[in-house]
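# Structure at a glance
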Amino acid sequence: DRMFPQKTALTVLYKVVLSALYSVPNNLMFFLYGTSVHYTIEFIGDYARKRNEMALDSEELDLPPYDIKQMLHNCKQKLDAEFQTTIINSLKVWPLANGINFAVMPSHMRPVFMNCISVCWNCYMSIVQHRDIIIIEENLESDPINIRIK
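Residues numbered from 1 in each chain as written. Predicted model: local features only at pLDDT ≥ 70, side-chain atom pairs only at ≥ 80, totals over all residues. Heavy atoms only, no water.

## Regarding the nonpolar core
Heads up, the condition is: Buried residues of nine kinds, namely Ala, Val, Leu, Ile, Met, Phe, Trp, Tyr and Cys, make up a nonpolar core once their side-chain atoms join them within 4.5 Å. Only protein chains enter the area calculation, which uses a 1.4 Å probe; residues under 20% of their type maximum are buried, those over 50% are exposed, and those in between are partly exposed. Under the DSSP-based scheme used, a helix requires at least four consecutive residues in state H or I and a strand at least two consecutive residues in state E, with every element numbered from the N terminus. Throughout, a contact is declared for two residues whenever any of their heavy atoms are within 4.5 Å.
Ranked by size, the top nonpolar core spans 11 residues in total: Phe31, Phe83, Ile87, Trp94, Ala97, Met105, Phe113, Met114, Trp121, Met125 and Val128. Of all the secondary-structure elements, those providing two or more residues to this core are helix H2 (68–103) and helix H3 (110–130). Looking at which element gives the most residues to this core, the answer is H3, with five residues. Sequence-distant contacts of phenylalanine 31, defined by excluding residues within four places in its chain, comprise Lys78, Leu79, Glu82, Phe83, Thr86, Met125, Val128 and Gln129.

Here it is, written out as structure tokens:
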């Protein structure tokens, strides 16, 4: 508002476009961070289960090496499966919300309005980040379609 205090159609459009350009890299970072944390937690959980299943008298169970390649592979799968849809949904929600925010809302109500939209968006992003990826593999020899849930 300090740089563009007027509420003209051009300044509102400018603010909406800047906001959309800002959101794409943020969504990308959220996916990469969320997937890497999810894989790390699964890795630690698998280690804890193996440790609890083994009878440990005096033997120590060595922690297997953390597989960075697997983590990067999981990030790529998650991006391939979810990122494009999330960006499209983001472009459905945020330009409209920002347009309303910058054109209609009084200055003192903008943070409240945007926080309400952000809470809903963060719920959606959490659901997207934590849902399983369904991988369909075609194998023509034995089973025509093999579905794996990851």
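## Points about the confidence of the model for the chain
Just so we agree on the cut-off: As a per-residue quantity, pLDDT reports the predictor's confidence and falls between 0 and 100.
Per-residue confidence for the chain gives a mean pLDDT of 79, with 79% of residues at or over 70. Across the chain, the secondary-structure element scoring lowest on mean pLDDT is strand S2 (residues 145–149), at 51, and the one scoring highest is H3, at 90.

## Considerations on the packing of helix H1 (residues 9–53) against H2
Convention followed: Comment: axis = line fitted to C-alpha atoms, over the contacting stretch for helices; angle = value between 0 and 180 degrees taken between N-to-C directions. Here the word oblique covers every angle except those under 35 degrees (roughly parallel), over 145 (roughly antiparallel) and from 65 to 115 (roughly perpendicular). Here a crossing is taken to be left-handed if its near helix is turned anticlockwise relative to the far helix by less than a right angle, and right-handed if that turn runs clockwise. When residues are grouped by polarity, Ala, Val, Leu, Ile, Met, Phe, Trp, Tyr, Cys and Pro land in nonpolar, Asp, Glu, Lys and Arg in charged, and all others, Gly among them, in polar.
Packing of H1 against H2 brings their axes to within 8 Å, and their N-to-C directions diverge by 150 degrees. As summarised for this structure, H1 and H2 are arranged roughly antiparallel, according to the angle between their axes. In this structure, H1 crosses over H2, and the sense of that crossing is right-handed. Looking at side-chain class alone, the contact of H1 with H2 contains 17 nonpolar, 11 polar and three charged residues.

## Some points on the environment of valine 128
Mapped onto the secondary structure, valine 128 falls in helix H3. When its relative accessible area of 0% is taken as the criterion, valine 128 is described as buried. Sequence separation of valine 128 and phenylalanine 83 is 45 residues, and the distance between their C-alpha atoms is 9.3 Å. Look past the residues within four positions of valine 128 in its chain and what remains in contact with it is Phe31, Lys78, Glu82 and Thr86.

## Section: the packing of H1 against H3
Put simply, H1 and H3 touch, their axes get as near as 10 Å, and they point 45 degrees apart. Between H1 and H3, the crossing angle belongs to the class labelled oblique. Helix-helix and strand crossings are classified by hand; for H1 and H3 the assignment is right-handed. Residues Asn27, Phe30, Phe31, Gly34, Thr35 and His38 of H1 form the contact with H3, whose own contacting residues are Trp121, Met125, Val128, Gln129 and His130. Here the residues of the contact of H1 with H3 sort into five nonpolar, six polar and no charged.

## As for the packing of aromatic side chains
What counts is decided by this rule: Put simply, two rings from Phe, Tyr or Trp (the six-membered ring, in Trp's case) pair if the centres are within 6.5 Å, and we call them stacked under 30 degrees between planes, edge-to-face over 60, tilted for the rest.
Applying the stated criterion across every chain, the model contains two aromatic pairs. Seen from their ring centres, tryptophan 94 and tryptophan 121 are 6.2 Å apart, and the 75 degrees between their planes marks the pair as edge-to-face. Taken together, the positions of tryptophan 94 in helix H2 and tryptophan 121 in helix H3 put the pair 27 residues apart, joining distant regions of the chain. The pair formed by tryptophan 94 and tryptophan 121 is uniform in burial state, with each residue classed as buried. Geometrically, the ring pair formed by tryptophan 121 and tyrosine 124 is tilted, given 5.0 Å between the ring centres and 40 degrees between the ring planes. Here the residue tryptophan 121 and the residue tyrosine 124 both occupy positions in helix H3, the gap between them amounting to three residues, near one helical turn. By relative accessible area, which is 9% here, tryptophan 121 ends up buried. Ring-pair connections join several aromatic residues into one group, and the members of that group are Trp94, Trp121 and Tyr124.

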